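Summary of the model geometry
So the chains spell out like this:
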Amino acid sequence: MATSPATPYALQIQLDRTSPVPLYYQISEPIAKLILDGDLPAGTRLEDELSMAARLQVSRPTARQALQRLVDRGLLTRRRGVGTIVAPTHVHRPMELTSLLNDLKSAGHTVRTSVSDYEEHPANAEEAKRLKVRPGTALVHIVRLRYADDEPVSILDNLLPADIAPSMRRLEDNSLYDLFRELDIVPTTAHQVIGARLASVKEAQMLNERRNAAVLTAQRTTYDANGRVIEYGNHIYRASRYSFETTLFSQ
């Protein structure tokens, strides 16, 4: 069912214009079924709304609504210069003290990391409180953009004590927790708060999302076996591509 990059997929469908079912729904649901059944694999490019509207003889807003409904469900994504494509498989992450990179690899995704910021500076009062160090202590601020199957899924913003911070280059190829373990620093416990909000304009651009898209947030303070704070993370994740999973036990 997949098409070549030069030939976008065009849904063949006979619309029932006498039906009470909206036309945008008649268009979006067959596409959704093909995606969910695996007949339209990730990366398949679909025709644009202008072509769809002309071919199916519907208004452009109707075609746009059909495609946007699938984008909102996380089944399609829009890329600048590429168009509308079938989105990668949704990422499910367990609620455990593990690294995102290793979780993604374990789930079968191809992972890469881009480090957009890497700066050493003395801790201000708020940062010192976060890491439980004295103001002026050398810290490293790191911002990474993590991709799964060439789709950005998260922005990882971290503060670390400078004496245990890995190099920028090593962070591009390894998980932070694995690099800690190379130094015999074992992440042992963490306090984490999960939330949600709307993405800023910059965040939406970085995550290849529309403006004001929903994102999941995670603030995590991680400790080693001696109770030292080894990282403070302020991370955001694409809600359309990402979810957390946890197992609950009764008492």
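Residues numbered from 1 in each chain as written. Predicted model: local features only at pLDDT ≥ 70, side-chain atom pairs only at ≥ 80, totals over all residues. Heavy atoms only, no water.

If you check an unreviewed UniProt entry, the protein chain appears there as HTH gntR-type domain-containing protein from Actinomyces graevenitzii C83.

Quick word on the sheet that holds strand β3 (residues 83-86)
The line we're drawing: Pairing between strands is defined by DSSP: at least two bridges between the two strands are required. Secondary structure counts use DSSP, requiring at least four H or I residues in a row for a helix and at least two E residues in a row for a strand, with both numbered from the N terminus.
Taken together, 3 strands build an open sheet; the order of strands is β1-β3-β2 and the sheet is antiparallel. Only two strands of the sheet have a single neighbouring strand rather than two, namely β1 (45-46) and β2 (76-79). Bridging between β2 and β3 involves 4 bridges; their strand directions are antiparallel. Within β3, the position partnered with Thr77 by the bridge is Ile85.

Some thoughts on the packing of helix α1 (residues 23-36) against helix α3 (residues 60-72)
For clarity, the cut-off: Note on definitions: angles span 0 to 180 degrees between N-to-C directions of axes, and those axes are lines fitted to C-alpha atoms, for helices only across the stretch in contact. For classification purposes, angles smaller than 35 degrees are called roughly parallel, those larger than 145 roughly antiparallel, those between 65 and 115 roughly perpendicular, and all remaining angles oblique. By the definition used in this description, the sense in which the near helix is turned from the far one sets the handedness, with an anticlockwise turn below a right angle giving left-handed and a clockwise turn giving right-handed. Every residue pair with non-hydrogen atoms within 4.5 Å of one another is taken to be in contact. Residues are grouped as follows: Ala, Val, Leu, Ile, Met, Phe, Trp, Tyr, Cys and Pro are nonpolar; Asp, Glu, Lys and Arg are charged; every other residue, Gly included, is polar.
Remark: α1 packs on α3, axes separated minimally by 8 Å, with the N-to-C direction vectors making an angle of 40 degrees. Viewed along their axes, α1 and α3 adopt a mutual orientation that is oblique. Relative to α3, α1 is oriented so that their crossing is right-handed. Across the interface between the two elements, Leu23, Tyr24, Tyr25, Ile27, Ser28, Glu29, Ile31 and Ala32 of α1 pack against Thr62, Gln65, Ala66, Arg69 and Leu70 of α3. In terms of residue class, the contact of α1 with α3 is built from 8 nonpolar, 3 polar and 2 charged.

Focus on the nonpolar core
This is how it is decided: Among the buried residues, those of types Ala, Val, Leu, Ile, Met, Phe, Trp, Tyr and Cys that are joined through side-chain atoms within 4.5 Å form a nonpolar core. Exposure classes here rest on a 1.4 Å probe applied to the protein chains alone. A residue is buried below 20% of its type maximum, exposed above 50%, and partly exposed in between.
In this structure, Ile27, Ile31 and Leu76 are the most contacted members of the largest nonpolar core, which totals 22 residues. By size, the runner-up hydrophobic cluster in this structure holds 13 residues, among which are Leu160, Leu171, Leu179 and Ile230.

Overview of the pairing of strand β6 (residues 138-148)
Counting buried residues along β6, 9 of its 11 residues qualify, which places the element largely inside the surrounding structure. When strand β5 (residues 111-122) meets β6, the two strands line up antiparallel, connected through 11 bridges. Looking at β6, one finds that Ser114 is bridged to Leu145. Bridge count for β6 against strand β7 (residues 151-161) is 10 bridges, and the pairing is antiparallel. Bridge pairing in β7 links Leu145 to Ile155. Between β6 and β7, which pair antiparallel one after the other, the connecting turn spans 2 residues, and Asp149 there sits at a positive phi close to 55 degrees.

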